[in-house]
Amino acid sequence: MNPYTLALLFFGLLLGTTITLTSSHWLVAWMGLEINTLAIIPLMTKQHHPRATEATTKYFLTQATAAATLLFASTTNAWLTGQWDIQLMTHPVPTTIIILALALKIGLAPLHTWLPEVLQGLDLFTGLILSTWQKLAPFALLLQIPTANQEILILLGLASTLVGGWGGLNQTQLRKILAYSSIAHLGWMLIILQFMPSLTLLALITYLIMTSSLFLAFKYNTTTNINSLATAWAKAPLLTTIAPLLLLSLGGLPPMTGFMPKWLILQELTKQQLPATATIAALTALLSLYFYLRLSYAMTLTISPNNLAGTTPWRLPSFQQTLPVAITSLSTTLLLPLTPAILALVNL
């Protein structure tokens, strides 16, 4: 793709997200979401492949449906209450419809079915943008909406953690596994949203760092399924050594960074007298942990058959950037001791 076109599309992504982040009026926020969607569509189709075209079409239809529902709900709210302000949503019906529209936009269960299919049709770099950057604008709106007494958030959150863990168990394609991982992590963020929004923000930041590190590691090794992980040790031995730690961090095991949001969320749920919700969320995390361990095993404890077809890619030097992988990998594994400082920053 032409570098000028690429720069223009990235500027569109940045502009759309910034407009939504800084807006307090529903129409302006909706416009930002639409600019965001229109900017990523050419990036998704830059691979001239039927799978990419199919993924783009599915993504466009899903996002258009969610945007139309959002516009309908905000117009209904203005009709009922006379308010277009995002933070002054008082009527429960438009608020619930907007939460469902944003859930469809980011791929929360039970409105998640498009996400694994779309991610599977994209290359790893566009998949990284879809899994990280595209979550920022909808979450900015979710954090601004008054969500007190919205039990639907807990239901959507628990459904997402369950579906995210259950759906990834039988997958062999890495992009689909990462899609289900994304659904599970978003579920954790939604569970705690109405009780402690600052924890949702913390969980979102750690999710962005951890997912980026894994996508970049897979991109560096050019691996897209579990079988091709076995050749990773010959391409990048050090990265292959660190990769299980990245996966276990995503699973939420101490002493990695991923343990921090899960620990704080379970602690807050217990304080809010919701031990059953905390227990179900913790048990669904075990499902996700299983397929992370499966990937770790395939990457570090198996060796690919040494045939000619398998040997060739090992010998090719990689010309990809290593600094982003290094920074995100270190952040994914080493930030747990800084929890008090991070909490102080988030609660400012």
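Conventions we followed
- Throughout, a residue's number is its position along its own chain's written sequence, starting from 1.
- In keeping with the predicted nature of the model, local features appear solely for residues at pLDDT of at least 70, side-chain atom pairs appear and are counted solely at 80 or more, and the whole-chain, interface and lining totals rest on all residues.
- To obtain the side-chain values, all non-hydrogen atoms of the structure were used and water was disregarded.
- Two rings from Phe, Tyr or Trp (for Trp, the six-membered ring) form a pair when their centres sit within 6.5 Å of each other. Planes less than 30 degrees apart are called stacked, planes more than 60 degrees apart edge-to-face, and all others tilted.
- Placement of a positive charge over a ring is assigned whenever Lys NZ or Arg CZ falls within 6 Å of the ring centre and within 35 degrees of the normal to the ring plane.
- The method works on a 1 Å grid over the protein atoms by themselves. A cavity is a set of points holding a 1.4 Å probe that cannot get out, a pocket is an open set with protein on both sides within 12 Å along at least five of seven lines, and residues with an atom within 4 Å of a point line them.
- Grid points are joined across faces, edges and corners, and a volume is the space filled by probe spheres set on the points.
- Counting from the N terminus, the helices are the DSSP runs of H or I reaching at least four residues and the strands are the DSSP runs of E reaching at least two.
- Residue classes follow a fixed rule: Ala, Val, Leu, Ile, Met, Phe, Trp, Tyr, Cys and Pro count as nonpolar, while Asp, Glu, Lys and Arg count as charged, and any other residue, Gly among them, counts as polar.
- To estimate how far a helix should reach, multiply one less than its number of residues by 1.5 Å.
- UniProt positions are given in the numbering used here, feature names are shortened, and annotations may be inferred rather than shown by experiment.

## Concerning the packing of aromatic side chains
Part 1: Taken as a whole and assessed by the stated rule, the structure comprises four aromatic pairs.
Part 2: Across from the ring centre of Trp-188, 5.2 Å away, lies the NZ or CZ of Lys-262, which sits over that ring.

## Structural notes on the layout of surface pockets
Part 1: Empty space within the largest pocket amounts to approximately 300 Å³.
Part 2: What lines the largest pocket is a set of 14 residues, among which Leu-238, Leu-239, Ile-242, Ala-326 and Ser-329 lie closest to the centre.
Part 3: Of all elements in the fold, only α12 (237-251) and α16 (323-334) reach the threshold of two or more residues within the lining of the largest pocket.
Part 4: Considering each element in turn, the lining of the largest pocket owes the most residues, six residues, to α16.
Part 5: Residues of the lining of the largest pocket, tallied by class, amount to 11 nonpolar, three polar and no charged.

## Digging into helix α3 (residues 50-81)
At 3.6 residues per turn, the α-helix brings residues three or four places apart onto the same side.
Part 1: Its 32 residues give α3 an end-to-end C-alpha distance of 46 Å, which sits within 8% of 46 Å, the value for a rise of 1.5 Å per residue.
Part 2: Note on α3: the residue one or two positions beyond its end, Gly-82, has a positive phi of about 75 degrees.

## As for the UniProt feature "domain: NADH:quinone oxidoreductase/Mrp antiporter transmembrane" (unreviewed entry) in the protein chain
Part 1: When the UniProt feature table is mapped onto this chain numbering, "domain: NADH:quinone oxidoreductase/Mrp antiporter transmembrane" (unreviewed entry) sits at residues 23-287.
Part 2: For residues 23-287, the helix share is 74%, the strand share is 0%, and the end-to-end C-alpha distance is 38 Å.

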